[in-house]
Amino acid sequence: MTDDALNINVNLVQQLVSSQFPVWSNLTITEVHPNGWDNRTFRLGDTMSVRLPSAARYSLQVDKEQKWLPLLSEKLPLPIPRPLAKGEPNHKYPYHWSIYEWIDGHTATPERIDDMPKFATALGRFLIALRRVDTTGGPGPGPGHRGGDLNVYNDQTRQAIEILNSKSNLDTELLAEVWDTAVGSKWVHPPVWIHGDVSSGNILVKNGEISAVIDFGSAAIGDPACDLSIAWTMFDKDSRDAFRIIMDLDDDTWARGKGWTLWKSLIILSGIDKTNTFESKRSLDTVYEILNDDV
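Keep in mind the model is a prediction, meaning the values are calculated, not measured.

Asker: What should I look at first to understand the packing of helix α9 (residues 251–270) against helix α10 (residues 280–291) in this one?
Answerer: When two helices pack together, you describe them by how their axes are tilted relative to each other and by the distance separating the axes. Running from amino to carboxyl end, α9 crosses α10 at an angle of 140 degrees, the nearest separation of the two axes being 9 Å. Considered as vectors, α9 and α10 are oriented oblique to each other. The crossing of α9 and α10 is left-handed. When α9 is examined against α10, the residues Lys258, Thr261, Leu262, Ser265, Leu266, Ile268 and Leu269 are found in contact with a partner set consisting of Ser280, Ser283, Leu284, Thr286, Val287 and Ile290. Among the residues forming the contact of α9 with α10, the class breakdown is 7 nonpolar, 5 polar and 1 charged.

Next up, the structure:
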């Protein structure tokens, strides 16, 4: 079965749960909206969720999360997903899949957050705690090379800058300077745990405050710079300052954080990444945040 042939919907989830976990077969299944790209998530009853990889390249995340999330959760100050069961492939669905404990909350959008600098500080404390967890035996750089050397995207980023030089009003010389600074340094300390995809869609809020962090499919040990992108994709200057102060990272790591953010935004704006063109406006706003960041 090819990924294109997959039809991940409520009926498929019902069939998988009923055949493999009959004790939960009578529970109501509803699709979660908005849903993810790497995985599709469905609510199972009131207290559980089902998570199915959408393609082969994401299926390895299942074993990683099943192994590491219970260990990480013991060390972190906020709830993270807790695996309850691991499902098997069958003739209708070719990958392993997971059942998790449901975590209440809403996607972290600015209008749902009462105090953005306070939110940024709490997120920073969470990431600091994650960085301090023992890395023994931990997985290497995750999907998209998260946690690895930013230079892997050097050619692609420079191509994007060249494309934008002729089709946009962006200051491409300054973009190149930001990128040069980012790739001119490396993480010289022992590798640390990273989440790998710290974005508004993977953070939950309740009562105006951060309440949980989800989706650890890109978790790895390596350079924490890739976990900083939210500073420019979501935060304003005040909250970005609060985030940087609590994170207490060196200038080079902060610069690589900008680099990770810039790479992703530029390949969308330039058209190199044709899968996320719907995010062009957001990517442009992010680039302006980076160019105007005088910290």
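Following the structure, the description resumes.
Asker: In this structure, what is going on with the packing of aromatic side chains? I would like to understand it.
Answerer: What characterises a pair of aromatic rings is the spacing of the ring centres plus the angle enclosed by the ring planes. In total, this model carries 11 aromatic pairs according to the counting rule given. Aromatic side chains Trp232 and Trp254 sit 4.9 Å apart centroid to centroid with 55 degrees between the ring planes, which places their arrangement in the tilted category. Taken as a pair, Trp232 in helix α7 (residues 230–233) and Trp254 in helix α9 lie far apart in primary sequence, 22 residues in all. Overall, the relative accessible area of 1% leaves Trp232 in the buried class. Owing to a relative accessible area of 3%, Trp254 belongs among the buried residues under this scheme. One aromatic cluster is present, formed by Phe119, Trp232, Phe235, Phe243 and Trp254 through successive ring pairs.

Conventions and cut-offs
Residues numbered from 1 in each chain as written. Predicted model: local features only at pLDDT ≥ 70, side-chain atom pairs only at ≥ 80, totals over all residues. Heavy atoms only, no water. Axes fitted to C-alpha atoms, helices over the stretch in contact; angles between N-to-C directions. Helix = DSSP H or I, 4+ residues; strand = E, 2+ residues; numbered from the N terminus. Parallel < 35°, antiparallel > 145°, perpendicular 65-115°, else oblique. Left-handed = near helix turned anticlockwise from the far one by under 90°. Contact = heavy atoms within 4.5 Å. Nonpolar A, V, L, I, M, F, W, Y, C, P; charged D, E, K, R; others polar. Phe/Tyr/Trp six-rings, centres within 6.5 Å; stacked < 30°, edge-to-face > 60°. Buried < 20%, exposed > 50% of the residue type's maximum accessible area, 1.4 Å probe, protein only.

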